[in-house]
Amino acid sequence: MKINKFTSLFAICLLLGLTACSNDNVSDADSGNGAENKDLTGKTSFSITSEAKTRTSGVYDSGVNFYWTTNDNIWVKSGSTLTASSSNDITSTTASAKFYFDGIYTAASYPVRYTGKASTSGNTVTIATSQSQDEANNATQLGTVGDCGVGTATRQTDGSYKFTLSHKASYITFMPYYSKEALAASAVVTQINVTVANSEKLAGTFNFSDSGLGAAISSSSSNSVTLTLNGTSSTTGFPIPTTATASKNAAIMVVAPGTYSTFKVTYTLYDSVTGTESTISYTYSNIKCVAGKNQKISTNLGMETYTSRKSKYYMWDAVNNYWDGHENSQPLLNKAADTNYAKSSADTRWYNTTFTKEVQTPAINSCKDAPTFEALTWYIGGGSPKLDDKTLWVFANHLYAGGIWLKKKSEISHFSSTESYTGTATWVSGKDIKFTVSNFGKPEASVRSSYFYLPALGQYVDGKLTGLGVKGYYWASTPNPVNDGDRSQPYGKVISANCLRFATDATLNNVYVRSYYERYVGMQVKAFE
């Protein structure tokens, strides 16, 4: 069976108690043959009572509409024997169907079971740990990953039977979105994983009776289900709209009914333009999923956006930002370039040219509130920094993951903006300081408020953006003490200033407090916490 339409649903489900399955005798039959052009002599038909009643929905008028598809089959229980339908009249997706059984049935009613598409067992159901959906809002996979149901077929005056199916798996409809800004079409959700406590049974093979799902067969049970979107590809998926929109990315997962003490939902996001792939997770407590009901989870993905910082790139202590007056031509992707950058001191976007050898003349314009060289040594040397290449964030409609967590100065003992961290070079030496940062990842939630985060927003050199998502460059308020040459001078002699430079790439996992960085470079300016 498949789901053809999603509408708004309740965000939570209720717990439903399920009975255990009895051991029934099973007789095999060909379940895949259609009834068209077949001799139906000696067969009994079992059909859905009405189109409307085939649909097991969420509460009120919202929910999931179920439809029959080719190769669906049902099982009828006569005494202790389960028999599969031998054919049906399904030629395409339909809300109602007839199933045919060999022989003549005469009882007033029979229990009916649906145990999945082309099922070969009437007394077990397997809820798959790996599921996939090809199209948004069109979950054709349900019959193959654990959809199931029961009903009672009642005899009609013409000898046929009619029944209404009550679905017995539980269903979760995911509709993630991002409201802070519109994301590019290249940014998609490729997988959704749900993981519950180790002792809880989210998927696997379950006994199945006329009452529905019973106990899990322990050797097959799993506490995790992964739903891959847009087939099995790891680089394509469903879009991320600005509001929860079923037609854009509704994705449905089949799980076992139950109450789950911990319920962790992990979304895998991918941006084919930037090459960024990472995950974002949300953990819930005491989630209840009921048989035959659908739970909608429409999560507003909480990635931070740093798009506003596109106007925070400056040459060192310039009056105006690097792209001031030329915002429409600002390159916003790695390796993109434009010629509308400042080229002389006549432009207010040009760097501050003040220089006195070995005199720490502080910034007076855009960099005046940035940390000093000495302060940077304390942030890195005394602040337990953590490089992070997993935390997702957004810049100019695209996804990135790369940055550094620094302790706030109020959390660093003996912090100073005028004296370097113990054992490190002084400002007047003009030396770069390399720090080896071995800590990776986000600080634990219990101490995260003691930190602040700097995204790796790259730099502009001669109008070209590089390092976005991989390297971070942040100006200090202090100049280099010894170099004042123009650009014709060799490296190490050009007028320069101090900065923080870090890299999150696996081969460039280093952090520098730089004494020397050419002032004509456009990098981020920020007052540190």
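So, here is what we can say about the structure in this document. Predicted, not measured: the structure shown is a model, and the values here were computed from it.

## Examining helix α3 (residues 373-381)
Now for step 1: Taking burial as the measure, the nine residues of α3 include eight buried ones, the bulk of the element.
Now for step 2: Check the buried side of α3 and you find it contacts β29 (398-407), β30 (433-435), β31 (451-455), β34 (471-479), β35 (496-503) and β36 (511-518).

## Points about the sheet that holds strand β19 (residues 212-216)
Now for step 1: Judged by pairing direction, the sheet is antiparallel, and its three strands sit side by side in the order β11-β18-β19 without closing on themselves. Each end of this open sheet is capped by a strand with a single partner; those strands are β11 (124-127) and β19. Ignoring strand direction, the axes of neighbouring strands in this sheet form an average angle of 40°.
Now for step 2: Two elements, strand β18 (residues 204-209) and β19, share three bridges in a ladder whose sense is antiparallel. Considered in β19, the bridge of Phe206 is made with Ala216.

## Here we look at the pattern of salt bridges
Now for step 1: Per the counting criterion, the structure on display carries seven salt bridges.
Now for step 2: Across the salt bridge formed by Asp369 and Lys368, the nearest N and O atoms sit 3.3 Å from each other.
Now for step 3: By relative accessible area, which is 51% here, Asp369 ends up exposed.

## Comments concerning the packing of aromatic side chains
Now for step 1: One pass over the structure, following the stated rule, counts 27 aromatic pairs.
Now for step 2: An angle of 10° between the planes, with centres 6.4 Å apart, marks the rings of Tyr474 and Phe502 as stacked. Here Phe502 lies in strand β35 and Tyr474 lies in strand β34, a separation of 28 residues in the sequence.
Now for step 3: The exposure class of Tyr474 is buried, given its relative accessible area of 1%.
Now for step 4: Classification of Phe502 by relative accessible area gives buried; the value is 0%.
Now for step 5: One aromatic cluster is present, formed by Tyr379, Phe415, Phe452, Tyr474, Phe502 and Phe528 through successive ring pairs.
Now for step 6: For the cation-ring pair, Lys343 lies above Tyr341, with the distance from its terminal atom to the ring centre recorded as 4.1 Å.

Analysis parameters
- Per-chain numbering applies: the sequence of each chain, read as written, is numbered from 1 onward.
- With the structure being a predicted model, the display of local features is reserved for residues of pLDDT at least 70 and the display and counting of side-chain atom pairs for 80 or more, all residues being used for whole-chain, interface and lining totals.
- With hydrogens and water stripped out, all remaining heavy atoms of the structure feed into the side-chain values.
- Each residue is placed in one exposure class: buried if its accessible area under a 1.4 Å probe, protein chains only, is under 20% of its type's maximum, exposed if it is over 50%, and partly exposed if it falls in between.
- Secondary structure elements are defined from DSSP: runs of H or I of at least 4 residues count as helices, runs of E of at least 2 residues count as strands, and each element is numbered from the N terminus.
- Residues are treated as being in contact if the distance between any of their heavy atoms lies within 4.5 Å.
- Strands are treated as partners if at least two bridges between them are detected by DSSP.
- Only the stretch in contact is used when fitting a helix axis, every axis being a line fitted to C-alpha atoms; angles between N-to-C directions are given from 0 to 180 degrees.
- Any Lys or Arg side-chain nitrogen located within 4 Å of an Asp or Glu carboxyl oxygen qualifies as a salt bridge.
- Ring geometry is summarised as follows: Phe, Tyr and Trp rings, the Trp one being its six-membered ring, pair when their centres sit within 6.5 Å, and such pairs are stacked at plane angles under 30 degrees, edge-to-face over 60 and tilted between the two.
- Counted as over-ring charges are cases with an Arg CZ or a Lys NZ within 6 Å of the ring centre that also lie within 35 degrees of the ring normal.

Worth remembering: the numbers are spatial, not functional.
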